[in-house]
Amino acid sequence: MDRRQIVERHHPELNKWAPLSPFSVGNTEFAFTSDITGLQSFPEQYEVPLGTQSNWGWHFTGGRDRFTEKDAEYQMFDTYGRL
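1. Details of the pairing of strand β1 (residues 23-26)
Where β1 and strand β2 (residues 30-34) come together, four bridges link them in antiparallel fashion. From the neighbouring strand, G26 faces β2, where its bridge partner is A31. Hairpin geometry of β1 and β2 is characterised by an intervening segment of three residues between the two adjacent antiparallel strands and by a positive phi of about 75 degrees at T28.

In structure tokens form, the structure reads like this:
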């Protein structure tokens, strides 16, 4: 596997704010949505939440039928004085 070729082939470039279209990457196991910085530094600039999700968090918590989509409600957390 030529890792350099793969990385260079998938080289996204963000050059403007898109309030309804934050940049998201994922591989069916993990997904990360970012702002124009490549992180989640300016969530207030978007009309949709910037999120991080994984499917493995659901697999080890007591079974397939324990949670529903209502349990995945969007939540804000205070981290070092920032939401």
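2. Some thoughts on the sheet that holds β1
Ordered by their spatial adjacency, three strands build an open sheet running β1-β2-β3, and the pairing between neighbours is antiparallel. The two strands at the open ends of the sheet, each matched to only one other strand, are β1 and β3 (52-54). Across the sheet, the axes of successive neighbouring strands diverge by a mean angle of 10 degrees, strand direction being ignored. Relative to β3, β2 is paired through three bridges, and the arrangement is antiparallel. Across the sheet, residue A31 finds its bridge partner in β3, namely Q53.

3. Describing unusual backbone geometry
The phi dihedral of T28 is positive, around 75 degrees, even though this residue is not glycine. For T28, the location among the structural elements is in the loop between β1 and β2. For Y80, which is not glycine, the phi torsion reads 55 degrees and is therefore positive. Within the secondary structure, Y80 is located in the segment after α2 (56-59).

Procedures and definitions
- Every chain's residues receive numbers from 1 upward, in the order its sequence appears when written.
- With pLDDT at 70 or above as the cut-off, local features in this predicted model cover only qualifying residues; side-chain atom pairs require 80 or more to be listed or tallied, and sums for whole chains, interfaces and linings still use all residues.
- Excluded from the side-chain calculation are hydrogens and water; included are all heavy atoms of the structure.
- Strand pairing requires that DSSP identify at least two bridges connecting the strands.
- Each helix is a run of H or I in the DSSP string that is no shorter than four residues. Each strand is a run of E no shorter than two, and both are numbered from the N terminus.
- Simply put, an axis is a line fit to the C-alpha atoms, just over the touching stretch for a helix, and the angle between two N-to-C directions goes from 0 to 180 degrees.

What is shown is where atoms sit, not what they do.
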